[in-house]
Amino acid sequence: MNRNWRAVFKAFVKKELLETFKSMKVIMLLSVITTNLLQFMTMEEVMKLGLDPDGTAIQLGSISMYMSVILILFVGHTLVNRYIYDERKNKAVQVMLASGADKTAIWLAKMAVAILISIVLLLLTIGLNAVFVSIYYHLDIRYTALSAALTFVAMPVLCFGMLSLISVAYWYFKNMNVFGMIFPIVAYIGIWNLSLLLAGSLVPGYLVAVSLAIGVGLFIFSYFLVSRIKKERIVSFEV
Amino acid sequence: MEHIVNVNHVTKTYGAKYALNDVTFFVDEGDALAYLGPNGSGKTTTLKSILGLIEIQAGNIRVLGADVQRQYTSLYGAVTSLFDENGLYERLTARENLSFYLGAFQRKGELASALHLMEELDMGDEIDHAVNTYSKGMKRKLALIRSLSAHPKLLFMDEPFDGIDIENRAKIIRVMKEHREKYGITMMLTSHVMADIEDLASRIIVIKKGRLLVDESLDRFGLRVGKDMTGKYLRVVEDE
């Protein structure tokens, strides 16, 4: 990763951050609010279990991992779609590739920004949720080592791994419009429904290791694919 | 002396159709090459092949001594291009677009002169407006400014004056000539407007159905038919 690579990487990071904050503030805010609304419905299922306050607090901490997945898959995918697919359609990436910019620098910069923004929004969402629980249920959410690891590390890493593979698909395939429309809806509603079903369940510990391994593996695999994709594939959208 | 661009027996097909059929030519440092041909003749395919954006089936292409099909990052900072699609970031302003592009190629110091160029081309009031508020011609001008301000060794342009009015066309040609002389930029451009070619180019190549028909200096090409270049060009492509 020489000086040229780093210059391209930095330029794209700054550009994506600037563009995102200029044009996606409303979407980001709505994502935080909507995720909290869905989580509220799941929390109501937990309240119906009639656990003692400590047990309820721990269970609420346990189901936080679904918020991670819902938010990151929705927001992360929206960002990846904008950064990768849109720029391919309007040929902005063609200019940079034609000028000798390294495609791995471009891709990693976009993924880095998508990950950074997703993490910030996740922390915001969880913070907002904690405040709500405190006010509405008069409880403090309690995280065990396992639930913290799942919520803040394992599930995000798994989601980022999935998003990295999706981003490669956006660079490789031409007709991704339908996928782009359906995926966020499926992710949002699908994971939320799963959280409703498993609201009272405890998650096994090995899920942390499995999720981390899959997430990191997918990301590395995606980087490898990006380094192998031909420029012709990336820039030819209509042929 | 090695040519700055060396296109050697290049063939590119799309299915059974030959977009480029055994094309060979070179570009030397300082050249301003006009690359002409009817629609679908292979002009854009040639430019994109030279930039490594398209894979060729046969032959090889070397730019600045490197095989661009394998080592495209060797073009970094040395080459800029302008195609039909301007490749601008429409949500950003002109200043932000230029700052991004120049920053990516470590030419941030040229931002002031790029903005000055915008003033020269009557776009000074638009510098801090989002590009999605620009007309087609304004976007084209900005894309041109972006290409020139990076001071590349090589500049490839596909129909650079598309959408630009006559008054600004003259200004842009003047600016391009000044940049070419001051920074030694080698140019290769396609255009359908012969007047632009005559004002800018020193050499002309004509391509039709993937094959080269003419490759000579503009003076020689003009001399052959007493400066009726449009007529000569049309006769060349119609005879094939």
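The structure this text deals with has already been given above.
Each residue is numbered by its place in its chain's sequence as written, counting from 1. Written order determines the labels here, with chains lettered from A and ligands numbered from 1. Local features in this predicted model are restricted to residues whose pLDDT is 70 or higher, and side-chain atom pairs enter the listing and the counts only when it is 80 or higher, whereas totals over whole chains, interfaces and linings include all residues. Hydrogens and waters are ignored; side-chain quantities use all the structure's heavy atoms.

Asker: Would you take a moment to explain the layout of surface pockets for this structure?
Answerer: Rolled over the atoms, a probe sized like a water molecule indicates the empty space that remains. Residues and elements named next belong to chain B. Of the grid points, spaced at 1 Å and generated over the protein atoms alone, those admitting a 1.4 Å probe that cannot get out make up cavities, while open sets with protein on both sides within 12 Å along at least five of seven lines make up pockets; any residue with an atom within 4 Å of a point is treated as lining. Grid points are joined across faces, edges and corners, and a volume is the space filled by probe spheres set on the points. In this structure, the largest pocket occupies an estimated 690 Å³ of space. Lining the largest pocket are 29 residues; nearest its centre among them are Y14, T44, T45, K48 and I54. Think of it this way: any DSSP run of H or I at least four residues long counts as a helix, any run of E at least two long counts as a strand, and we number them from the N terminus. A total of 4 residues in the lining of the largest pocket trace back to one element, the largest contributor, which is helix 1 (residues 43-50). Amino acids outside the nonpolar list (Ala, Val, Leu, Ile, Met, Phe, Trp, Tyr, Cys, Pro) and the charged list (Asp, Glu, Lys, Arg) are all regarded as polar, and Gly is one of them. Considered class by class, the residues forming the lining of the largest pocket number 7 nonpolar, 10 polar and 12 charged. Its boundaries defined by the atoms lining it, the second largest pocket holds a volume of some 320 Å³.

Asker: Help me understand the environment of D22 of chain B, please; the structure alone is not making it clear to me.
Answerer: All names here are of chain B. By the element assignment, D22 lies in strand 2 (residues 17-27). With a 1.4 Å probe rolled over the protein chains alone, any residue whose accessible area is under 20% of its type maximum counts as buried; one over 50% counts as exposed, and the rest are partly exposed. The class for D22 is partly exposed, based on a relative accessible area of 42%. Taking the C-alpha atoms as reference points, D22 and T11, separated by 11 residues in sequence, lie 5.0 Å from one another. In this analysis, two residues are considered to be in contact whenever any of their non-hydrogen atoms come within 4.5 Å of each other. Apart from residues no more than four positions distant in its own chain, D22 is found in contact with H9, V10 and T11.

Asker: How do you make sense of the side chain of S81 of chain B when you look at a structure like this?
Answerer: Residue placement: S81 of chain B occurs in strand 6 (residues 79-82). On the basis of relative accessible area, S81 of chain B is assigned to the buried category, the value being 2%. Discounting residues that sit within four places of it in the chain, S81 of chain B has contacts with A98 of chain A together with L51, R146, S147 and F156 of chain B.

Asker: Is there a simple way to think about the interface of chain A and chain B in this case?
Answerer: When the parts come together, some accessible area is lost, and that loss is often what is quoted as the size of the interface. Of the residues lining the interface, 31 residues belong to chain A; the matching set on chain B comes to 32 residues. What gets called buried area is simply the loss in accessible area from a 1.4 Å probe that two parts show on being joined, summed for both. Interface area, chain A with chain B, both sides summed: about 2,900 Å², of which 59% is carbon and sulfur. Contact with chain B buries surface across chain A, with S99, K231 and E232 of chain A losing the most and accounting together for 19% of the total. The term salt bridge refers to a pairing of a side-chain nitrogen on Lys or Arg with a carboxyl oxygen on Asp or Glu at a separation within 4 Å. Linking chain A with chain B are 4 salt bridges. A salt bridge links R91 of chain B to E19 of chain A, with the nearest nitrogen and oxygen atoms 3.4 Å apart. Polar contacts, as counted here, are pairs of nitrogen or oxygen atoms within 3.5 Å of one another; within protein the pair requires one atom able to donate a hydrogen and one able to accept it, and residues that are adjacent in sequence qualify only if both atoms are side-chain atoms. Our count for the chain A to chain B interface comes out at 12 residue pairs in polar contact (both at pLDDT 80 or more). The set of elements that each furnish at least two residues to the side of chain A that touches chain B consists of helix 1 (3-23), helix 4 (64-89), helix 5 (92-98) and helix 10 (231-235) of chain A. In terms of residue class, the side of chain A that touches chain B is made up of 12 nonpolar, 6 polar and 13 charged.

Asker: Can you walk me through the environment of I164 of chain B in this structure?
Answerer: Residue and element names in this part refer to chain B. Topologically, I164 is positioned in the loop between strand 7 (154-158) and helix 5 (166-183). A residue is classified by how much of its surface remains accessible, and I164, at 6% relative accessible area, is buried. Discounting chain neighbours no more than four positions away, the residues touching I164 are G137, R140, K141, L144, R169 and I172.

Asker: Can you help me understand the pattern of salt bridges in this one?
Answerer: Any two side chains of opposite charge can pair, given that their charged atoms come close. By the definition in use, this model includes 23 salt bridges over all chains. Its salt-bridge partner being K15 of chain A, residue E87 of chain A comes within 2.3 Å of it at the nearest N-O pair. Of this pair, E87 of chain A sits in helix 4 while K15 of chain A sits in helix 1, and the two are 72 residues apart along the sequence. Note on accessibility: E87 of chain A and K15 of chain A belong to one class, buried. For D162 of chain B, the salt bridge goes to K136 of chain B, with nearest N and O atoms at 3.7 Å. Here D162 of chain B, found in the loop between strand 7 and helix 5, pairs with K136 of chain B, found in helix 4 (residues 136-149); they are 26 residues apart in sequence, far enough to count as distant.

Asker: Explain the nonpolar core to me, please; I cannot follow it from the model alone.
Answerer: Soluble, globular proteins show a tendency: their nonpolar side chains are buried together. Here, nonpolar core means buried Ala, Val, Leu, Ile, Met, Phe, Trp, Tyr and Cys residues that are tied together by side-chain atoms lying within 4.5 Å of each other. Counting 157 residues, the largest nonpolar core has M96 of chain A together with F25 and M118 of chain B as the members making the most contacts within it. With residues near it in sequence (within four places) discarded, M96 of chain A still touches F12, A101 and I106 of chain A together with Y89, F100, Y101, A104 and F105 of chain B.

Asker: Would you mind going over empty space enclosed by the protein with me for this structure?
Answerer: Under the definition given, this model contains 2 cavities of 30 Å³ or more. The space that makes up the largest cavity amounts to roughly 40 Å³. What lines the largest cavity is simply A92, V95 and M96 of chain A together with G87, Y89, N97, F100, Y101 and R146 of chain B. Grouping the constituent residues of the lining of the largest cavity by class yields 6 nonpolar, 2 polar and 1 charged. Here the second largest cavity is characterised by a volume of approximately 30 Å³.

Asker: Which parts of the structure should I look at to understand the sheet that holds strand 6 of chain B?
Answerer: As a general point, the strands of a sheet are linked pairwise by backbone hydrogen bonds and lie either parallel or antiparallel. Residue and element names in this part refer to chain B. For two strands to count as paired, DSSP must find a minimum of two bridges between them. Pairing is mixed in the open sheet, where 6 strands are placed in the order 6-7-8-3-9-10. Single-partner strands in this sheet number two, and they are strand 6 and strand 10 (211-217). Between one strand and the next, the sheet's axes are offset by a mean angle of 15°, whatever the strand orientation. Judged from the 3 bridges that link them, strand 3 (residues 32-36) and strand 8 (residues 186-190) form a sheet pairing that is parallel. Its bridge partner being in strand 8, L33 is matched across the sheet by M188. Axis definition: a line fit to C-alpha positions, over the contact stretch in the case of helices; interaxial angles, taken between N-to-C directions, run 0 to 180 degrees.

Asker: Is there a simple way to explain unusual backbone geometry in this structure?
Answerer: Peptide bonds are trans in most cases, and residues, glycine excluded, mostly fall at negative phi. Residues and elements named next belong to chain B. Positive phi is not limited to glycine here, since D22 has a value of about 55°. In this model, H151 sits at a positive phi of 45°, which is unusual for a non-glycine residue. Among the secondary structure elements, H151 is positioned in the loop between helix 4 and strand 7.

Asker: Which parts of the structure should I look at to understand the sheet that holds strand 2 of chain B?
Answerer: Residues and elements named next belong to chain B. Spatially, 2-1-4-5 is the arrangement adopted by the 4 strands of the open sheet, whose pairing is antiparallel. The sheet terminates laterally at strand 2 and strand 5 (66-67), the two strands that pair on one side only. Note that strand 1 (residues 5-14) and strand 4 (residues 58-63) share 5 bridges and pair antiparallel. Of the residues in strand 4, the one forming a bridge with N6 is R62. Sheet strands in contact with helix 1 are strand 1, strand 2 and strand 4, and its direction is about 60° off that of strand 2.

Function-wise, these values are silent; they only describe arrangement.
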